[in-house]
Amino acid sequence: MDFFSLPFKGKLMAGDCLYFTGGYHSIPNGCTPWGISKDYYNRFIGDKMGWLCIAYEDGSVDRVPLIFGYTLWFRNIWEEDCAPFKSQEAEPHMTALLQDTLYLKGAFEGEKACILCVQAKKGVAVCAVTVEKNPEKEGTPVFTGVAAASGQMDAFFQNHTVLQGDFYPQTVQAKLGEMNAALLTFEEDYANAPVFDYPERDPGFRVRFSGNSLAEIASGVVYHNYFNLVDRVEENGLFPASYTGAPSWRYDGFGPWVPNANSYCGCFYSRDAGRALMTANAFSENPLVSKSLSYANQCMLYFPQNQLKINGKDIPGHYTVIMNKPLVYSKELRYIGWATRYTEDRFGEDCDNLGNQETDGHGLMMMAHYCAWENASDKERFIGEHREGIEEAVRWIDWCLKNPEVSFAEDGLLYAESEGGMGDYTLYCNVPCCLGLYGYAKIAEYHGWKVEAEQWRAMADRMYQAVMAKLSAGGKWDLRHQGFHHDPVVVMMADIFGYDLRDMPVEWRTLSQRTYEDDMARFRGIVIDGEGGVGYNSAMMTQNALLQDRVADYSRLVDNLSRICYAPRLQEPYFVPEGISYSNRLKAVRRQGDLANLVQQAEALKTFLIVAGVSPLRNGVLKLMPRLPEGWQVELQNFKVQNSVHHINLAAAYPENGIQRIDVALEKGFEGKVLIRFGPFERAENITAVLNGEVVSGPPYRSGDAYWLDAEL
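Below or above, wherever it landed, is the structure these notes cover. Note that this is a predicted model, so its numbers are computed, not measured. (Residues numbered from 1 in each chain as written. Predicted model: local features only at pLDDT ≥ 70, side-chain atom pairs only at ≥ 80, totals over all residues. Heavy atoms only, no water.)

### Quick look at the overall build of the protein chain
The test is simple: Runs of H or I in DSSP of at least four residues are treated as helices and runs of E of at least two as strands, each being numbered from the N terminus. Only C-alpha atoms enter the radius of gyration, while the globule expectation follows 2.2 Å times N to the 0.38, with N the number of residues. Residue exposure (1.4 Å probe, protein chains only): buried if accessible area is under 20% of the type maximum, exposed if over 50%, otherwise partly exposed.
When its secondary structure is counted, the protein chain shows 19 helices and 29 strands. Relative to a compact globule of 713 residues, whose C-alpha radius of gyration would be 27 Å, the protein chain shows 29 Å and is just as compact. In terms of its C-alpha atoms, the protein chain occupies a principal-axis envelope of roughly 95 × 70 × 50 Å. In the protein chain, which comprises 713 residues, the proportion classed as buried is 61%.

### What about the pattern of salt bridges?
Counted only if it meets this: Within this document, salt bridges are pairs made up of a side-chain nitrogen of Lys or Arg and a carboxyl oxygen of Asp or Glu, the two lying within 4 Å of each other.
Under the definition given, this model contains 43 salt bridges. The salt bridge involving R250 is made with E80; its shortest N-O contact spans 2.6 Å. Note that R250 is positioned in the loop between α4 (213-231) and α5 (270-282) and E80 in the loop between β5 (61-67) and α1 (92-101), a separation of 170 residues in sequence. By relative accessible area, R250 is classed as partly exposed at 23%. In this structure, R569 engages D189 in a salt bridge whose closest nitrogen and oxygen atoms are separated by 2.7 Å. Here the residue R569 occupies a position in the loop between α18 (551-565) and β19 (579-583), and D189 occupies one in helix α3 (residues 187-191), the gap between them amounting to 380 residues. Classification of R569 by relative accessible area gives partly exposed; the value is 41%.

### Quick word on the packing of aromatic side chains
Which entries qualify depends on this criterion: Only Phe, Tyr and Trp rings are paired, with Trp represented by its six-membered ring, and only when their centres lie within 6.5 Å; those with planes under 30 degrees apart are stacked, over 60 edge-to-face, the remainder tilted. Whether a charge sits over a ring comes down to the Lys NZ or Arg CZ being within 6 Å of the ring centre and within 35 degrees of the ring normal.
Under the definition given, this model contains 50 aromatic pairs. Grouped by ring-pair contacts, the aromatic residues Y190, F196, Y198, F205, Y223, Y226, F227, F283, Y566, Y574 and F639 constitute a single cluster. One cation-aromatic arrangement involves R341 over F408; the distance from NZ or CZ to the ring centre is 4.9 Å. Note that R702 overlies the ring of Y707, its terminal NZ or CZ placed 5.0 Å from the centroid.

### Comments concerning α5
Worth spelling out the cut-off: Each residue after the first adds 1.5 Å to the expected span of a helix.
The terminal C-alpha atoms of α5, which comprises 13 residues, lie 18 Å apart, in line with the 18 Å expected from a rise of 1.5 Å per residue. Positive phi appears at S284, one or two residues downstream of α5, with a value of about 60°.

### A look at the nonpolar core
Quick reminder of the rule: In this description, a nonpolar core means a group of buried Ala, Val, Leu, Ile, Met, Phe, Trp, Tyr and Cys residues linked to one another through side-chain atoms lying within 4.5 Å. Residue contacts follow a heavy-atom distance rule, with two residues in contact if any of their heavy atoms lie within 4.5 Å.
In this structure, F209, F239 and W508 are the most contacted members of the largest nonpolar core, which totals 180 residues. Excluding anything up to four places from it in sequence, W508 contacts V431, C434, L435, Y464, V467, M468, W477, V489 and M493. Formed by 63 residues, the second largest nonpolar core is a distinct cluster that contains L12, F44, L98 and F254.

### Section: the sheet that holds strand β25 (residues 673-681)
Applied cut-off: What makes two strands pair is DSSP finding at least two bridges between them. Axis definition: a line fitted to C-alpha atoms, over the contacting stretch in the case of helices. Angles run 0 to 180 degrees between N-to-C directions.
In space, the four strands of this open sheet follow the order β21-β25-β29-β28, with mixed pairing throughout. Sheet topology places β21 (621-624) and β28 (701-703) at the edges, where each strand pairs with a single neighbour. Neighbour-to-neighbour, the strand axes of the sheet open up by a mean angle of 35°, direction not taken into account. Of the pairings in the sheet, the one linking β21 to β25 comprises four bridges and is parallel in character. Counterpart to L624 in the pairing with β25 is I676.

### Considerations on unusual backbone geometry
For the peptide bond that leads from A83 to P84, omega is 5°, which places it in the cis range. For P84, the position within the fold is in the loop between β5 and α1. Between G679 and the following residue, P680, the backbone shows a cis peptide bond with an omega angle of 10°. If you trace the backbone, P680 turns up in strand β25. We note that N643 has phi near 70°; this positive angle belongs to a residue other than glycine. Along the chain, the position of N643 falls in the loop between β22 (633-640) and β23 (647-653).

### Side note on the packing of helix α6 (residues 286-300) against helix α11 (residues 379-402)
Rules: The handedness criterion is simple: a crossing whose near helix is rotated anticlockwise from the far helix by less than a right angle is left-handed, and one whose near helix is rotated clockwise is right-handed. Residue polarity follows a fixed list, in which Ala, Val, Leu, Ile, Met, Phe, Trp, Tyr, Cys and Pro are nonpolar, Asp, Glu, Lys and Arg are charged, and the others, Gly among them, are polar.
Contact geometry for α6 and α11: axes closest at 10 Å, N-to-C directions at 35°. By crossing handedness, the relation of α6 to α11 is classed as left-handed. Residues S290, L293, S294, N297 and M300 of α6 form the contact with α11, whose participating residues are F382, E385, H386, G389, E392 and A393. For the contact of α6 with α11, the class distribution of residues is four nonpolar, five polar and two charged.

### A few points about the state of the cysteines
Applicable threshold: To count as a disulfide, a pair of cysteine sulfur atoms needs to be within 2.5 Å.
Following the criterion strictly, the structure yields zero disulfides and no others. There is no disulfide at C117, and the cysteine sulfur nearest it, in C17, is 3.7 Å away.

### Quick notes on the environment of E712
You can see E712 is positioned in strand β29 (residues 706-712). Its relative accessible area of 49% is what places E712 among the partly exposed residues. Note: C-alpha distance between E712 and I676 (36 residues apart in sequence) is 6.0 Å. Not counting the four nearest positions on each side in its chain, E712 is found in contact with K673, V674, L675, I676 and L691.

### Things to note about the pairing of strand β7 (residues 114-119)
Across the six residues of β7, five count as buried, placing the element largely inside the fold. Relative to β7, strand β6 (residues 104-105) is paired through two bridges, and the arrangement is antiparallel. Paired with K105 across the two strands is I115, which belongs to β7. Pairing between β7 and strand β10 (residues 161-162): two bridges, direction parallel. Pairing of C117 across the sheet is with T161, part of β10.

### Brief notes about the packing of helix α15 (residues 489-497) against helix α16 (residues 506-520)
At a minimum axis distance of 9 Å, the contact between α15 and α16 shows a crossing angle of 145°. Seen along the crossing, α15 lies across α16 with a hand that is left-handed. Every residue of α16 that contacts α15 at V489, V490 and M493 is listed here: W508, R509 and S512. Broken down by class, the residue content of the contact of α15 with α16 amounts to four nonpolar, one polar and one charged.

Structural data, given as structure tokens:
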């Protein structure tokens, strides 16, 4: 059979059938990496990517739709054995569905080029064949040749030929829909989510949301991800970014998953661990946190223990991108394309010795130490166990600021070669280091290190001013240097200062308040945005909206976080995905990436804890600040107050008709002050706040886009 190149123009006697070589797409994956919520850039099963246009000499034209799962297929993830179509987790029914609907010979087997058979118009010659792309979708279907033949060239085509007059059969459409129903989550799934029934395993506390189906989903998200987070910590303290057996939907996948991908098992990422340790600490997993911090400090001391130098200078210990593989960046990643200034031309044979400046991870690990120390029942013992790591972490920052010729620190800011600031000076990297220094100064002061406390606080003060001077512009944060996807300042300060914006440093919080609308702009008009990582993007912006009391926004975003995390027909239906894609055509969510990826999981859990509203005890004051979406209720049972030995029961519901009821019970012996915030209320008038059955009063005040009222227990 002779194939003519496409586009074709000439005369071709069609015979019975036309055969086309090709069948893939110029962008052979399901989305841009990490997921996307814009239909132009995403590709789902059933998406129409274009047409094969077959022109006949009688003037008629056949337009054969090129549809994923039918006349078009994916390549990237399909090169792996992926469920539920292939692999040891293949489901026979799903395999059969795909084999029925995929009319491309060789596509299921993953061949480099496939063949599509189209029934030709009888008795009329073909004069032209072109491939027309769908202008509403990125990229172009790839077909390279056409041939004509009488009869079917292979038995495969007996049931897989595109027929005249029925180019897209209803039976195929129904089966593609059935496949999507198995792989995706739809709006009706959220509406029909069951009341969450606590499994037999008891965490010793309850964080229960109710009031509607999305709130019920949130209860399941908290329960299952809490256990997954704490269960993955290994005996030596390693906190892996992937749990053992974790599947992956791949960053650019189209719906199937790779079973047991174990993408980041054995990897102790500083950014992931710093965030996850603070989240575990918020659930008062003190022994686990301390064990993991000890192992992290063993890892960071690799540099002084091995007497590594750069330009003749001793390199202090620091938390690198993968703490238990301190030189992986310089010895491996830079040779596969990761950017670095540490080259042989600049530093000779010392260039690999520094590992990398994972500045955000370094700061987040410092913040984790501080939060764990605040929560420790024996603070002196904690200092004794982690003293060397605490001192070395500060020495690293001091060394960087004093040696800019090797650290590239500039104007009081730390340089980074990290996803949170690649070759840049960013908020995401510098803010946690500054906050970590403030925390360590407090630890030093408590321990009686007066000189160190003064020095460390002065260093933090200089960084604080440098961050404002260099990373803001026009009275707002300069989002060109945010690092990851949003302003991280308020959400990071919440780890140190608690959930009340009024307790945060006024200059930084004011800049965040002024930046909020610019930061939120990307979410406007997007139904569900999970691209760029659920934690780095959706959860972080949701936390910003919550902490800044932007009720209309946080109500939508918290609801969406429940949607993002729920996949009732997939394994581990409540686990936080690393990312998602959203199809506006299907109104459906698709998982992307590493399931329950540690940093994304930890940020989502933190978000729901902010919703529940038990702020860490600070300076003897406990603040209870539920920030519930409309229609939600929360009930906490035996929940340990962070930085305290006491437990709390709390029940609250979103206000209705200006009335809100909150019930609080603390264990006996709590001697601090307890403040409860009621709200949100639409107006300052006709507010009724009921605390433990009694009406309380106080002046309402406006914060964000609502009114609130403070009361004391």
